[in-house]
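These are the residues of each chain, in order.
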Protein chains: 2
Amino acid sequence: MLDQIDLNQSLTKHEYKKLIEKLTKRLAYLQRELKEKDIPVGIVMEGWSASGKGTLINEIIHPLDPRGFRVISLEEESEEEKRHSFFWPFWNTIPPKGRIHLFNNCWYTRALEKKRKDEKRNLSILYDEINSFEEQLCKDHCILIKFFLHISKEEQKKRFEKLESSADTRWRVEKKDWKENKHYEERKEEFDRMLVETDSPYAPWNLIEATDKHYASAKILSILVKEMEKALDRKAKEAIDAKKSEGCETDIGEQPLRSRILQGVDLSKDMKKEEYKVRLEELQKKLSMLHNRMYREKIPVIIALEGWDAAGKGGAIKRITEKIDPRGYEVVPISSPNDLERQYHYLWRFWSKFPKTGHLTIFDRTWYGRVLVERVEGFATREEWTRAYTEINQMEESLCQDDYVILKFWLHIDKDEQEKRFEERQNTPEKQWKITEEDWRNRSKWDDYERAVDDMLVKTSTNYAPWHIVEANSKYYARIKILETIVEALENKMK
Amino acid sequence: MLDQIDLNQSLTKHEYKKLIEKLTKRLAYLQRELKEKDIPVGIVMEGWSASGKGTLINEIIHPLDPRGFRVISLEEESEEEKRHSFFWPFWNTIPPKGRIHLFNNCWYTRALEKKRKDEKRNLSILYDEINSFEEQLCKDHCILIKFFLHISKEEQKKRFEKLESSADTRWRVEKKDWKENKHYEERKEEFDRMLVETDSPYAPWNLIEATDKHYASAKILSILVKEMEKALDRKAKEAIDAKKSEGCETDIGEQPLRSRILQGVDLSKDMKKEEYKVRLEELQKKLSMLHNRMYREKIPVIIALEGWDAAGKGGAIKRITEKIDPRGYEVVPISSPNDLERQYHYLWRFWSKFPKTGHLTIFDRTWYGRVLVERVEGFATREEWTRAYTEINQMEESLCQDDYVILKFWLHIDKDEQEKRFEERQNTPEKQWKITEEDWRNRSKWDDYERAVDDMLVKTSTNYAPWHIVEANSKYYARIKILETIVEALENKMK
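Attention here is on the structure that accompanies the text.

Things to note about the overall build of chain A
The helix and strand tally for chain A stands at 19 helices and ten strands. Projecting the C-alpha coordinates of chain A onto the three principal axes gives extents of approximately 85 × 55 × 40 Å. Burial status across chain A gives 56% buried among its 495 residues. For chain A, long-range pairs separated by at least 24 residues make up 82% of all intrachain contacts whose partners lie at least 6 apart in sequence. Split by element, the accessible area of chain A, about 23,100 Å² in all, is 48% carbon and sulfur. On chain A, the mean spot of the 91 positive side-chain charges and the mean spot of the 93 negative ones are 3 Å from each other.

Quick notes on the relation of the copies chain B and chain A
Of the transformation placing chain B onto chain A, the axial shift is 0.0 Å and the rotation is 180 degrees, giving an RMSD of 0.0 Å. Accordingly, the operation relating the two chain copies is best matched by a two-fold axis.

Points about the sheet that holds strand β3 (residues 100–104) of chain B
Residues and elements named next belong to chain B. Spatially, five strands are ordered β2-β3-β1-β4-β5 in an open sheet, and the strand pairing comes out parallel. Whereas interior strands pair on both sides, the edge strands pair on one side only; in this sheet they are β2 (69–73) and β5 (205–209). Neighbour to neighbour, the strand axes of the sheet diverge by 20 degrees on average, direction disregarded. Sheet topology places strand β1 (residues 41–47) next to β3; five bridges connect them, and they run parallel. Within β3, the position partnered with I43 by the bridge is L102. Running at roughly 155 degrees to β1, helix α2 (residues 53–61) makes contact with β1, β2, β3 and β4 (143–150) of the sheet.

Brief notes about the sheet that holds strand β4 (residues 143–150) of chain A
All names here are of chain A. In space, the five strands of this open sheet follow the order β2-β3-β1-β4-β5, with parallel pairing throughout. The strands lining the two open edges of the sheet, one partner per strand, are β2 (69–73) and β5 (205–209). In this sheet, neighbouring strand axes are inclined to one another by 20 degrees on average, regardless of whether the strands run parallel or antiparallel. By the bridge criterion, five bridges tie β2 to strand β3 (residues 100–104) in an arrangement that is parallel. When the sheet's bridge partners are listed, V71 is paired in β3 with L102.

A word on the environment of E484 of chain A
Residue and element names in this part refer to chain A. Within the secondary structure layout, E484 lies in helix α19 (residues 475–493). Given the relative accessible area of 30%, E484 is considered partly exposed. Residues E484 and P204, spaced 280 residues apart in sequence, show a C-alpha to C-alpha distance of 48 Å. Beyond its immediate stretch of four places on either side in the chain, E484 contacts R279 and L283.

Remarks on the interface of chain B and chain A
Interface size is often expressed as the accessible area that is lost when the parts come together. Across the contact, 51 residues belong to chain B and 51 residues belong to chain A. Summed over both sides, the interface of chain B with chain A buries roughly 4,100 Å², with 51% coming from carbon and sulfur. Our enumeration of links across chain B and chain A arrives at two salt bridges. Note that K459 of chain B and D199 of chain A form a salt bridge whose closest N and O atoms lie 3.0 Å from each other. Taken together, the links from chain B to chain A amount to 18 residue pairs in polar contact (both at pLDDT 80 or more). Contributing elements (two or more residues each) for the side of chain B that touches chain A: α9 (184–197), β5, α10 (213–244), α15 (382–401), α18 (446–459) and β10 (467–471) of chain B. By residue number, the principal contributor to the side of chain B that touches chain A is α10 of chain B, which donates ten residues. Grouping the constituent residues of the side of chain B that touches chain A by class yields 21 nonpolar, 14 polar and 16 charged.

As for the packing of helix α11 (residues 273–296) of chain B against helix α19 (residues 475–493) of chain B
Residue and element names in this part refer to chain B. Between α11 and α19, whose axes approach to 9 Å, the crossing angle comes to 30 degrees. Looking at the two axes, α11 sits roughly parallel to α19. Between α11 and α19 lies a crossing of left-handed hand. Contacts between α11 and α19 involve K273, Y276, R279, L280, L283, Q284, K286, L287, L290 and M294 on the former and, on the latter, Y476, R479, I480, L483, E484, I486, V487, L490 and E491. Residue composition of the contact of α11 with α19, by class: twelve nonpolar, one polar and six charged.

Quick look at helix α17 (residues 437–444) of chain B
All names here are of chain B. Taken together, the buried positions of α17 are D439, N442 and R443. Across the axial projection of α17, the buried residues extend over an arc of 100 degrees, all falling on one side. Facing away from the buried surface of α17 by more than 90 degrees, the exposed residues are E437 and S444. Structurally, α17 contributes buried residues whose contacts are with α16 (415–427) and α18.

Conventions we followed
- Residues numbered from 1 in each chain as written.
- Chains lettered and ligands numbered in written order.
- Predicted model: local features only at pLDDT ≥ 70, side-chain atom pairs only at ≥ 80, totals over all residues.
- Heavy atoms only, no water.
- Helix = DSSP H or I, 4+ residues; strand = E, 2+ residues; numbered from the N terminus.
- Buried < 20%, exposed > 50% of the residue type's maximum accessible area, 1.4 Å probe, protein only.
- Contact = heavy atoms within 4.5 Å.
- Areas by Shrake-Rupley, 256 points an atom, 1.4 Å probe, with all protein chains shown as cover.
- Lys, Arg positive; Asp, Glu negative; His and termini not counted.
- Charge placed at Lys NZ, Arg CZ, Asp CG, Glu CD.
- Least-squares fit on C-alpha atoms with pLDDT ≥ 70 in both.
- Pairing = 2+ DSSP bridges.
- Axes fitted to C-alpha atoms, helices over the stretch in contact; angles between N-to-C directions.
- Buried area = accessible area lost by both parts, 1.4 Å probe.
- Salt bridge = Lys/Arg side-chain N within 4 Å of Asp/Glu carboxyl O.
- Polar contact = N/O pair within 3.5 Å; in protein donor to acceptor, adjacent residues only side chain to side chain.
- Nonpolar A, V, L, I, M, F, W, Y, C, P; charged D, E, K, R; others polar.
- Parallel < 35°, antiparallel > 145°, perpendicular 65-115°, else oblique.
- Left-handed = near helix turned anticlockwise from the far one by under 90°.
- Arc of directions from axis to C-beta.

See the structure below:
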């Protein structure tokens, strides 16, 4: 892409002044409109060193209401970041509804840095993941506007020299900047490949000729104005369409002769108390040792528990954690998203909770809510939950690329067993808090849930993150199977 | 995905008969509706050997009007296919509007075969390309319904043995089938990865438990009915939406302060006749030799010429071909698509014309019509031409993955030069045929075209298939530059 760019574009001061006045006014207005309409905006600034990203970000934010935007600058990779997966810092800084986030360098710069440090890192895979990430945000109504600021080798050199000529600005030119200038042609090829491979219909690149700063800032502002206007138009159109198709939302997607998984699960599996006690002790000891090794070998582990209400998730979690070092794990219970979380993409709240290297996080219910409760209750549209299978697979694959271990359990009981447990809870004073109106309501939709679970188990069982179905009519049997599965997986990982 | 499937699903004969009767009637009706609504349908059948694909395809086509469908069976890769790129046979057999194509094994089987033959072949890249291919078809309103027929290792063995026990069917079990059975677990993992990586919201996989043939055929038929009904619903909805947004179609997508490429081209470049003659002879000689080598070394080459009307494409083509062996090249002039071509995806007609190994094809105008004339004249919607940049890049990348050389030229002249040439044509009797009403009409939209060309040059200049802008006010200069570029590219390729 860069090869074709003619860098001699410029504006006279007069043209510039006229344009800027018009554009900044409009931008301030659009910020309010976007807030009103709950549209999140991400602005990505990438480009050559000394191409003027900082100055241009200042131009953009100048007319904006400071309560509605945030500038996020990518620093040297922190120790904390090194211990998480590639996308962790970026998911954590995605814009919420109605707010504007400006990224001064971001996942692109980071991807190239990673590659430079680790020759074996596969950039094609990383760019694919970036495309999926951006697509997910855009499908969730975020707008992403990406700029690449381009200057020539000579121009860059001139700017470095000028910066170095003054004591005030000398510190801004680093060794790596001169290195970039020295290897300009190579870097240009790198950038070009990045631009081509991540130019997509939902988040296309805007190339900015940045030799003339007036020209660059006028161009950036006018693209921002145009893209924001387009997003508002789209939103208005969607609102009309949504109104038209009201009432179709509760379609939970019946499939004729669908693949039945749960039906085939053998729930008669059982275990005697004596056997349970012996094996529990043995497995907990093993797990505790493996947990220590996991910590030393810096392996991050995610355990995800899903299952019917009263299937025994709590009891299982207790047996997993009982004998392991409490500084090395965390249990995260997931309920419906709160007001803050609702401002973001549905996967956002999970990303911030994923463990760093050497740590274990146990999720009591998970991101699979999207294709279970949200599907059945109509909180997600058919289009949204259909696409979620791919989104979730992509997320889990990207974690596994970064060496995470993911263990997913579905705790299965039958309808009769659930009723028995519900009754027991209701009749035992100290267990009454465990049972709510909602549990009974969910129970009445057993068939819909079963269908959703069956689909989930098929669509998201992958070789990197398979589902383990746990026959849980017998609590003893279930707990031992879960512990065994975890022990085996960790042993395999640390062979 | 396969791990979760319970293969013991079955139907009683009575249930089956009742269902089938209902479904086949409905299918016949839907075929007519789909034809009426111009919707192309692709049905993909993949699965284990002896899982019953043939029988099931017969069940599907039984109720259909034979004029409206076609069964395409993937055979052993032919010599012709080996000399083309991976997607060539598949693009050539995509369904046209209103017709149903059933693929008995297809790009999936072929991808796995390629991998088995060539360890180095990267399946992830191939699966990505398959996803892009399917997405392109689906975005073009095709529906793709994909089935994977699953049976167990034991069931497969039983079926092979039964086939072998009769002299009539013995021939149907080949060595490679037994090999598949022997390495069942390994193959299952391969299949699973394939299913996960190519399961997409637009073309998801349907897993079919194929132990019980009644169950399998009833499930396949009911999924077909459901997906076809959904497609018809979508079409109806789209028709309403389209009506609503009528009048927006001619928006050719103005971009504020867009990147100007053509403006910066130095059209004063010129060449004297004497120099031209000497260099022409020298370059044509070289090209002729390189063309022979290209043939021997089995390298396929595509030369794509675009440019303003009267920019000299014809003259340039003549100079390229003049001295080379006519058996080794083809010139393909591209005009607006004919009635047959209009029944297909816009890229279809180009795929069938791409050269096989060792051959050269020169396109006089190309697939870039999508982002030039179709954009400017409003024949493609904004959504369509915006996405075409990515689609075209993906197509060219996939060709280059298969070792094609792609050379793209934009012949640039200015408005005055064009007028001069138009006048000359009009005033020279033997050239009058070259100038039409349409040329003058196009000329009146010069600015719109210039904008479209600028965008095209930026968006589709890639390192694997860059654009070469040719300063063509001087015909001599232009021809020499084109020949030089070709000679240089071929020399580089065959270094």
